[in-house]
Amino acid sequence: MHPEQYLALPDAQPTVPFIDLSVQQDHLRPILEHNLHTVLHHGGYIMGPEVKKLERSLAEYAGMGHCISCASGTDALQLALMALAIGPGDAVFVPAFTFMASAEVVSLLGAEPRFVDIDPLTFNMDPRCLESAILECLQEGKVKPRCVMPVDLFGLPADYPALRALADRFGLTILADSAQGFGATMNGVMACQLAHITATSFFPSKPLGCYGDGGAIFTSDANLAETMASLRVHGKGADKYDNVRIGINSRLDTIQAAVLQAKLTRFPQELTLRRQVAAQYSARLAPHARTPYTPSGLESTWAQYGIVLKQRDQVEKQLRARRIPTAVYYPKALPFQTAYAHLGDPAGRFPVAEEVSRQILHLPMHADLVPEEIERISVEVIQAIQTCQQG
Ligand SMILES: *Cc1c(COP(=O)(O)O)cnc(C)c1O
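Predicted model, so just to flag it, every value in this text is computed and none were measured. (Residues numbered from 1 in each chain as written. Predicted model: local features only at pLDDT ≥ 70, side-chain atom pairs only at ≥ 80, totals over all residues. Heavy atoms only, no water.)

## Description of the site of the ligand
Alright, step 1. Near the ligand lie 16 residues; those nearest to it are Thr-74, Asp-177, Gln-180, Ser-201 and Lys-206.
Alright, step 2. Contacts to the ligand include Thr-74, whose side-chain N or O atom sits 2.5 Å from an oxygen atom.
Alright, step 3. Asp-177 places a polar side-chain atom, nitrogen or oxygen, 2.7 Å from a nitrogen atom of the ligand.
Alright, step 4. With the chains in place, 93% of the 380 Å² that the ligand exposes on its own is no longer accessible.
Alright, step 5. Secondary structure elements with two or more residues in the shell around the ligand: α4 (73-83) and α5 (100-108).
Alright, step 6. Partitioned by chemical class, the residues of the shell around the ligand number six nonpolar, eight polar and two charged. (Near = heavy atom within 4 Å. Polar contact = N/O pair within 3.5 Å; in protein donor to acceptor, adjacent residues only side chain to side chain. Areas by Shrake-Rupley, 256 points an atom, 1.4 Å probe, with all protein chains shown as cover. Helix = DSSP H or I, 4+ residues; strand = E, 2+ residues; numbered from the N terminus. Nonpolar A, V, L, I, M, F, W, Y, C, P; charged D, E, K, R; others polar.)

Right, here's the structure in full:
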């Protein structure tokens, strides 16, 4: 499923895939084929009826007034920032530890990403660090704080109550990057309801993935929803040839909507399965490594399962020899990416993000990982850790 995982293994194929979507496909094959067949027959490849239907299903599932589908999770973030009229002279607060897309869209629009360190337990944006970053930005007076972009990293909801309090105090909008967290809850409430706007991704390996690129934006603000729907089709007004603003082309393909409609039927059950996989890993690995921390009341989507290890690189090597695929999300905190080298952030400025990027290691994770596989992977992980501790 993930060719790069195989390429990373010079001598041997992994004994389990890092992400396996084939069992899911087997479960859904009749409905997938039916839905795709329908699109092939009606031929409405762009904005066909499946797109509207999916948007209604997703809005209902999320408990949000509006869902606007689009071409990717990255575009979902960009469309939201465009609707908020974020541009030159504006600051958007982004966690230092996330995927490049979170900050990239801010830079693309000419605004300034302001990096914020993460909480040492949850790895999500640390509200105390956000407060300092906002105050520092105001004191400098060069760019105007406008927006906070928390990321639901690895599927765990960010600390929305604390972030909302700061956003309200400083008059900022919360745009959640929930590319990994769609379906996560906080005290039984969908996490996407806790931000002003939430963006998600349907990239194939995300918890709710399609068979290509796709994304969606959720909001309860009717005006923002209308603006984002216009922006994704060249800033259309009454129709496509009435252009009322500068927009982009970012529609979700009808075929992908048909795939997602099928996948949505099994999604709630898959979230339960993912939680069981994570619980089994944690029960087995907790005595040997730092396992993920989930604050009470939060339910993660378990987009990824990562452990924290002092000897991460050695354990990773050991596991490769044992043919267990692993991944590192993410090996470098964003402020230290070459693309952001011009910011000149010194090492040690984001101590938690820097340490986690050196110590985190992700294990195979998908809804259809069976207990025997989890046990086998866990045994190999424990042996790899013990080997490294002896060495
Ligand atoms: C996957 C991801 C994105 C981008 O989504 P695409 O659909 O690949 O554009 C953005 N942010 C985070 C945190 C992600 O994991």
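Picking up after the structure, the text goes on.
## Examining the sheet that holds strand β7 (residues 189-190)
Alright, step 1. Spatial ordering of the open sheet is given by β7-β6-β10, a layout of three strands whose pairing is antiparallel. Each edge of the open sheet is held by one strand with a lone partner, namely β7 and β10 (298-299).
Alright, step 2. Relative to β10, strand β6 (residues 185-186) runs antiparallel, the two being bridged by two bridges. Paired with Thr-185 across the bridge in β10 is Glu-299. (Pairing = 2+ DSSP bridges.)

## What about the pattern of salt bridges?
Pairs can form between side chains of opposite charge whenever their charged atoms are close.
Alright, step 1. Counted under the stated rule, the structure contains 18 salt bridges.
Alright, step 2. With a closest N to O distance of 3.2 Å, Arg-349 and Glu-136 form a salt bridge. Taken together, the positions of Arg-349 in the loop between α11 (312-321) and α12 (351-359) and Glu-136 in helix α6 (residues 127-140) put the pair 213 residues apart, joining distant regions of the chain.
Alright, step 3. One salt-bridge network, held together by shared partners, links Asp-26, Arg-29 and Glu-33. (Salt bridge = Lys/Arg side-chain N within 4 Å of Asp/Glu carboxyl O.)

## Observations concerning the packing of helix α10 (residues 267-285) against helix α13 (residues 371-390)
Alright, step 1. Closest axis-to-axis distance for the α10/α13 pair is 10 Å, and the angle between their directions is 35 degrees. α10 and α13 meet at a crossing whose hand is right-handed. Contacts between α10 and α13 involve Val-277, Gln-280, Tyr-281, Arg-284 and Leu-285 on the former and, on the latter, Pro-371, Ile-374, Glu-375, Ile-377, Ser-378, Val-379, Val-381 and Ile-382.
Alright, step 2. Of the residues that constitute the contact of α10 with α13, the class distribution is nine nonpolar, two polar and two charged. (Axes fitted to C-alpha atoms, helices over the stretch in contact; angles between N-to-C directions. Left-handed = near helix turned anticlockwise from the far one by under 90°. Contact = heavy atoms within 4.5 Å.)

## A look at the environment of Gln-276
Alright, step 1. Counting through the fold element by element, Gln-276 comes out in helix α10.
Alright, step 2. Residues Gln-276 and Asn-35 lie 241 residues apart in sequence; the distance between their C-alpha atoms is 30 Å.

## Quick look at α4
Alright, step 1. In terms of burial, α4 is largely enclosed, as nine of its eleven residues are buried.
Alright, step 2. Here α4 has its buried residues at Gly-73, Asp-75, Ala-76, Leu-77, Gln-78, Leu-79, Ala-80, Leu-81 and Ala-83.
Alright, step 3. Where α4 begins, one side-chain oxygen reaches toward the backbone nitrogen of Thr-74, 3.3 Å away; that side chain belongs to Ser-72.
Alright, step 4. Of the residues flanking the end of α4, it is Ala-85, one or two places downstream, whose phi is positive at about 55 degrees. (Buried < 20%, exposed > 50% of the residue type's maximum accessible area, 1.4 Å probe, protein only.)

## Let's talk about the packing of aromatic side chains
Alright, step 1. In total, this model carries 13 aromatic pairs according to the counting rule given.
Alright, step 2. A ring pair is formed by Tyr-281 and Tyr-305, whose centres lie 4.8 Å apart and whose planes are at 25 degrees; its orientation type is stacked. Highlighted residues: Tyr-281 in helix α10 and Tyr-305 in strand β11 (residues 305-308), separated in sequence by 24 residues.
Alright, step 3. The class of Tyr-281 is buried, set by a relative accessible area of 0%. (Phe/Tyr/Trp six-rings, centres within 6.5 Å; stacked < 30°, edge-to-face > 60°.)

## Section: the pairing of strand β4 (residues 144-148)
Alright, step 1. One ladder, built from four bridges, connects strand β2 (residues 90-95) with β4; its direction is parallel. Bridge assignment links Ala-91 to a residue of β4, and that residue is Pro-145.

## A word on α11
Alright, step 1. Within α11, burial applies to Arg-312, Val-315, Glu-316 and Leu-319. Buried residues along α11 cover an arc of 105 degrees about the axis, so they all sit on one side. Across from the buried face of α11, at angles greater than 90 degrees, the exposed residues are Lys-317 and Ala-321.
Alright, step 2. A positive backbone phi angle near 60 degrees is found at Arg-323, which sits one or two residues after α11. (Arc of directions from axis to C-beta.)

## Observations regarding the confidence of the model for the protein
Alright, step 1. For the protein, per-residue confidence averages 96 on the pLDDT scale, and 97% of positions sit at 70 or higher.
Alright, step 2. Counting interchain partners and residues more than four positions distant, the pLDDT-below-50 stretch residues 1-10 has 17 contacts. (pLDDT = per-residue confidence, 0-100.)

## Re the packing of α6 against helix α7 (residues 160-170)
Alright, step 1. Following both chains from N to C, one finds α6 and α7 inclined at 20 degrees, their axes separated by 9 Å at the closest point. As summarised for this structure, α6 and α7 are arranged roughly parallel, according to the angle between their axes. In the packing of α6 onto α7, the handedness of the crossing is right-handed. Together, Pro-127, Leu-130, Glu-131, Ile-134, Leu-135 and Leu-138 of α6 and Ala-162, Leu-163, Leu-166, Arg-169 and Phe-170 of α7 make up the contact between the two elements.
Alright, step 2. Classifying every residue of the contact of α6 with α7 by side-chain character gives nine nonpolar, no polar and two charged. (Parallel < 35°, antiparallel > 145°, perpendicular 65-115°, else oblique.)

## With respect to the side chain of Thr-98
Alright, step 1. With respect to the helices and strands, the residue Thr-98 is situated in the loop between β2 and α5.
Alright, step 2. A relative accessible area of 4% means that Thr-98 is categorised as buried.
Alright, step 3. Looking at Thr-98, its side chain comes within polar contact range of the side chain of Ser-102, at 2.8 Å.
Alright, step 4. Look past the residues within four positions of Thr-98 in its chain and what remains in contact with it is Val-151, Leu-153, Tyr-330 and Leu-334.

## A look at the side chain of Gln-261
Alright, step 1. In this fold, Gln-261 is placed in helix α9 (residues 254-264).
Alright, step 2. A distance of 3.0 Å separates polar atoms of two side chains, one belonging to Gln-261 and the other to Ser-57.
Alright, step 3. Excluding residues within four positions of it along the chain, Gln-261 makes contact with Asn-35, Lys-53, Leu-54 and Ser-57.

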